[in-house]
Amino acid sequence: MGNYNDVLLEQLGDKGNGHYAYVDTIAEAKRIFEENLTGTLQLIAKDAKIQVDFNPDVVRSYRLIGYENREVPDEKFRDDKYDGGEVGAGHSVTALYELKLWPEKKGKIATTYVRYKKAETGAVTEFKSEFNTSQLNRGFDDSSKQFRLAATVAEFAEILRKQLLGQRRDALTPVLQQAQTLAGEFKDDADVIEFVDLVSKAQN
């Protein structure tokens, strides 16, 4: 990593209501300063926060994957002075949870709450939605390609963070296979093609 401190840069961007990027290639510079510049500079939501309230009658345990340094205490969720995240035009935010459900239990899994300030007026908006066991897909392959891509990228990151170097090659084999399958579904998507290349390089 040399003198590059990803955690520190993320914290600086977060605290400064800004954005950071690591530019190591011409292609990455083009993506940041040409393709994604408008979304980076033009905000649509300020201090965005999400809260997930799990139903303990159905959910035995849960784990948020990533976002360790962006946790918002429950009592601060509706405190509009408490800093949240910024969302730029054309951007989306994905939070993945790993869940273990109680066997044979049916019904509401969770209620999600999203709260943010409109960038132009500062007016606070909050909405909620519920997620039920009847909405679960039967298997990973039945999920949308967007979900499968997000889950595969998260699995890749988890392996890089936690697996010892000698264990990574075998662990990355199914990740590479899934990434290659997704590349066929996301035709000519440069980001997915690059992801396949990154997994291949990490495995080798």
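The coordinates are above.
Criteria and thresholds
- Residues numbered from 1 in each chain as written.
- Predicted model: local features only at pLDDT ≥ 70, side-chain atom pairs only at ≥ 80, totals over all residues.
- Heavy atoms only, no water.
- Helix = DSSP H or I, 4+ residues; strand = E, 2+ residues; numbered from the N terminus.
- Buried < 20%, exposed > 50% of the residue type's maximum accessible area, 1.4 Å probe, protein only.
- Polar contact = N/O pair within 3.5 Å; in protein donor to acceptor, adjacent residues only side chain to side chain.
- Contact = heavy atoms within 4.5 Å.
- Patch = residues over 30% accessible without salt bridge, like charges linked within 9 Å, V, L, I, M, F, W, Y side chains within 5 Å.
- Areas by Shrake-Rupley, 256 points an atom, 1.4 Å probe, with all protein chains shown as cover.
- Salt bridge = Lys/Arg side-chain N within 4 Å of Asp/Glu carboxyl O.
- Pairing = 2+ DSSP bridges.
- Axes fitted to C-alpha atoms, helices over the stretch in contact; angles between N-to-C directions.

Among the secondary structure elements, T133 is positioned in the loop between β6 (124–132) and α4 (145–162). By relative accessible area, T133 is classed as buried at 14%. For T133, the side chain forms a polar contact with the side chain of N132, separated by 3.3 Å. Residues within four places of T133 in sequence aside, it is in contact with V58, K105, K106, G107 and I109.

The next thing to look at is unusual backbone geometry. For D47, which is not glycine, the phi dihedral falls at a positive 50 degrees. By secondary structure assignment, the location of D47 is in strand β1 (residues 43–54). Positive phi is not limited to glycine here, since D188 has a value of about 60 degrees. Within the secondary structure, D188 is located in the loop between α5 (165–185) and α6 (190–203).

A cluster of nonpolar side chains, contributed by Y62, L64, Y67, V93, Y97 and L99, occupies part of the molecular surface with about 540 Å² of accessible area. For the nonpolar patch, the secondary structure elements donating two or more residues are β2 (59–65) and β4 (96–101). Position of Y62 relative to the elements: it lies in strand β2.

Bringing helix α1 (residues 6–15) into the picture now. Residues that lie three or four places apart on an α-helix share one face, since the helix turns once every 3.6 residues. Of the residues flanking the start of α1, the one acting as N-cap is N5, its side-chain oxygen 3.0 Å from the backbone nitrogen of L8. Looking one or two residues beyond α1, the residue adopting positive phi is N17, at roughly 50 degrees.

On to the sheet that holds strand β5 (residues 108–118). Taken in spatial order, the 4 strands line up as β3-β1-β5-β6 in an open sheet, and their pairing is antiparallel. Since the sheet does not close on itself, it has two edges, and those belong to β3 (85–88) and β6, each with one partner. Averaged over all adjacent pairs, the angle separating strand axes in this sheet is 30 degrees, with direction ignored. Pairing geometry for β5 and β6, over 9 bridges, is antiparallel.

Further remarks concern the environment of L64. Checked against the element boundaries, L64 lands in strand β2. On the accessibility criterion, L64 (33% relative accessible area) is partly exposed. C-alpha of L64 to C-alpha of T121: the two residues are 57 residues apart in sequence and 32 Å apart in space. Apart from residues lying up to four places away in sequence, L64 is in contact with A95, L96 and Y97.

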